[in-house]
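Per-entry structural report
Here is how the chains run, residue by residue.
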Number of protein chains: 2
Amino acid sequence: MPLLRPALLACALCAAVAAPSFAEGQTRGVQQILADAPLSAWRDLDPERTLYMDLDAGRVVIELAPAFAPAHARNIATLARGHFWDGTSIYRVQDNFVAQFGDAEGEEPEKARDLGQAERKLPAEFERAAAGLVFDRLPDADGWAAEVGFADGFPAGRDPREGKAWLAHCYGMVGAGRNAEPDSSIGAELYAVIGQSPRQLDRNITLVGRVVKGIELLSSLPRGPEPMGFYEDPAQRTPIRSVRLASELPADERLHIQALRTDSAAFAELVEARRNRRDDFYKRPAGHIDLCNVMLPVRVVAN
Amino acid sequence: MPLLRPALLACALCAAVAAPSFAEGQTRGVQQILADAPLSAWRDLDPERTLYMDLDAGRVVIELAPAFAPAHARNIATLARGHFWDGTSIYRVQDNFVAQFGDAEGEEPEKARDLGQAERKLPAEFERAAAGLVFDRLPDADGWAAEVGFADGFPAGRDPREGKAWLAHCYGMVGAGRNAEPDSSIGAELYAVIGQSPRQLDRNITLVGRVVKGIELLSSLPRGPEPMGFYEDPAQRTPIRSVRLASELPADERLHIQALRTDSAAFAELVEARRNRRDDFYKRPAGHIDLCNVMLPVRVVAN
């Protein structure tokens, strides 16, 4: 099936704006770069840090970031093993911001779900020491952080002067809801970014991972009413059927998901192809790319 | 009704991430700034450059930008007067990118809708001379443009060396789909940004305006299949019942919409309140704001 519908070819925007993988001319397009990348350029997601959130509409896959939020990742794994989220819901969707989910009655003692073996108190994990963290730097300037790049496969900021690094609130990133107290999140209430990157939240809240597949199942949900997107009627919430660690499923039932390594030559080529687009559509290559505009390719390999 | 649901107060993220209007502490929140802004800080949208796109689910309101795309704005107005889009559709929704609409059969001569009085050829309007354009500069650094700010109420970039200015592809901005030829758009195929700002498109395509109300009606639509989000089955397209210039409606049937002036003290205060958030939730004010993170408040005034 051709990438473009001939009947729509001249409907415009289709040709290139539409096609992140469309490329003509001298440079190779995204699809070609990915197709040509060696096997070593891909890394398998670790089933011990991969969540499957099953909705009626399909599966959302989240990769956890224990390199940045080890306590939260552990607690989320504990909650998943305890089937905590089964029967909970996506109870809030705010346009150009987040979809948030968990136990909507979590604050009402008589109604709150049992946290099981999970910790009731965790440290805030807003940032970590930069030392010891492999950081694939993106050379492009960033208004929010001294340096940006990718660490453990996630978009991140770093300040060499402070010696700190932290995850960035790009599209699809998942964080742990909290109250005003920094250490008030336990990973039971989670949110995913579904709009313009709210980078002002970086270093202010614990990010725990990223949606690697199925983000559209969250981003296309009806928005709750303003100002914050909470559904007024519980019947409007989207039920979560289950959340499981991939490792809980028999190996032959898991999705074999791979992510392109951010230290690979293929990734660097892909970033450059997007930083300076040279297909026929673009008249002026930008010469810049923002951290949160960098695509992080993922593929599902047949078992 | 309180801004926060007591039962959800500790569900986290609610308190501040959730609430663009939530503020405690020494600074005034967005809602307070807006409530206190004088009448002179608000400008009425001009019905001659305001479009109402009516879907079954509700109305999308688009403000056109004739200061940047005069020929496209004129042609879009002509098409609207000719009721061109009545019965057309939103035929493509690509996650983290655009919702695109118009005549899905526009390239098939036997099926294409009659363009009526509209021009069949327009100049590309990717940018304009900076001279003569009132530009409310945002002092924050930007990776894509030498300078950023607001002109005619729209987010824009500017290069003083080149003497050029252009609209920026922030969330909700509306552009005119085209083919590979720069001057191949006529404003009949339009798209709205529904994800992370694709700023690489700035100066590469004609932006024509901005969704000021109802963007959620586009951003929450089901996504079409990859790679580009075109619906495979025409029955999946969202019908557009009508598109009208507000001026076509009797005055008492129009929405009286006002936008906060970007040269107002209230706007400057609002931008600073978001650049450095000082409510109890935020532990580290960012000290920076990106052009596309700046909210452009709009209100509907009772007639």
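Residues numbered from 1 in each chain as written. Chains lettered and ligands numbered in written order. Predicted model: local features only at pLDDT ≥ 70, side-chain atom pairs only at ≥ 80, totals over all residues. Heavy atoms only, no water.

1. Quick word on the environment of P155 of chain B
Residues and elements named next belong to chain B. Summarising the element assignment, P155 is placed in strand β9 (residues 154-159). P155 gets classed as buried once you look at its relative accessible area, which sits at 2%. Sequence spacing of P155 and L167 is 12 residues, and the spatial spacing of their C-alpha atoms is 6.0 Å. Aside from chain neighbours lying at most four places away, what touches P155 is G149, F150, W166, L167, A168, C170, M173, R210, L291 and L296. (Helix = DSSP H or I, 4+ residues; strand = E, 2+ residues; numbered from the N terminus. Buried < 20%, exposed > 50% of the residue type's maximum accessible area, 1.4 Å probe, protein only. Contact = heavy atoms within 4.5 Å.)

2. Concerning the UniProt feature "domain: PPIase cyclophilin-type" (unreviewed entry) in chain A
The positions UniProt marks with the feature "domain: PPIase cyclophilin-type" (unreviewed entry) are residues 56-245 of chain A. Between the first and last C-alpha atoms of residues 56-245 of chain A the distance is 18 Å; the span itself is 8% helix and 32% strand. (UniProt positions renumbered as here; feature names shortened; annotations may be inferred.)

3. Brief notes about the pattern of salt bridges
The final tally for this structure, using the stated rule, is 46 salt bridges over all chains. Where D142 of chain B meets R199 of chain B, a salt bridge forms, and the shortest distance between an N and an O atom there is 2.9 Å. Taken together, the residues D142 of chain B in the loop between β7 (136-138) and β8 (147-151) and R199 of chain B in the loop between β12 (190-193) and β13 (207-213) connect sequence positions 57 residues apart. A single network of salt bridges, built from pairs that share partners, joins R43, R49, E63 and D152 of chain A. (Salt bridge = Lys/Arg side-chain N within 4 Å of Asp/Glu carboxyl O.)

4. What about the pairing of strand β2 (residues 50-55) of chain A?
All names here are of chain A. Taking burial as the measure, the 6 residues of β2 include 6 buried ones, the bulk of the element. Residues T50, Y52 and D54 of β2 are buried on one face, and the alternating residues L51, M53 and L55, pointing to the opposite face, are buried as well. Counted along the chain from β2 to the antiparallel partner strand β3 (residues 58-64), the turn is 2 residues long. (Pairing = 2+ DSSP bridges.)

5. As for the packing of aromatic side chains
Residue and element names in this part refer to chain A. By the definition in use, this model includes 8 aromatic pairs over all chains. Where F150 meets F267, the ring centres are 5.1 Å apart and the plane angle is 85°; that geometry is what we call edge-to-face. Highlighted residues: F150 in strand β8 (residues 147-151) and F267 in helix α4 (residues 265-275), separated in sequence by 117 residues. For the pair F150 and F267, a shared accessibility class is recorded, and that class is buried. Note on F281 and Y282: the rings are 5.6 Å apart at their centroids and 70° apart in plane angle, and the pair reads as edge-to-face. (Phe/Tyr/Trp six-rings, centres within 6.5 Å; stacked < 30°, edge-to-face > 60°.)

6. Here's the deal with unusual backbone geometry
Cis geometry marks the peptide bond from E226 of chain A to P227 of chain A; its omega dihedral reads 5°. Take P227 of chain A: it is sitting in the loop between α3 (216-219) and β14 (238-245). Its identity as a non-glycine residue notwithstanding, N96 of chain B has a phi of 55°, on the positive side. Its location among the elements puts N96 of chain B in the loop between β4 (89-93) and β5 (98-102). Accessibility expressed as a relative area gives 25% for N96 of chain B, which makes it partly exposed.

7. Points about the sheet that holds strand β11 (residues 173-176) of chain A
Residues and elements named next belong to chain A. Spatial ordering of the closed barrel is given by β2-β3-β13-β11-β12-β5-β4-β14, a layout of 8 strands whose pairing is antiparallel. The average angle at which neighbouring strand axes cross in this sheet is 35°, direction not considered. Pairing of β2 with β3 involves 6 bridges; the strand directions are antiparallel. When the sheet's bridge partners are listed, L55 is paired in β3 with G58. The strands touched by helix α2 (residues 70-81) are β2, β3, β11, β12 (190-193), β13 (207-213) and β14; relative to β14, the strand with the most contacts, the crossing angle is about 110°. (Axes fitted to C-alpha atoms, helices over the stretch in contact; angles between N-to-C directions.)

8. Details of the state of the cysteines
Residues and elements named next belong to chain A. Counted under the stated rule, the structure contains 2 disulfides over all chains. The disulfide that involves C170 links it to C292, with 2.1 Å between the sulfurs. Because the sign of the S-S torsion sets the handedness, a value of about -75° for the bond joining C170 and C292 places this disulfide among the left-handed ones. Of this pair, C170 sits in the loop between β10 (164-167) and β11 while C292 sits in the loop between α4 and β16 (298-301); the two residues are 122 residues apart in sequence, bridging distant segments of the chain. The class of C292 is buried, set by a relative accessible area of 8%. (Disulfide = S-S within 2.5 Å.)

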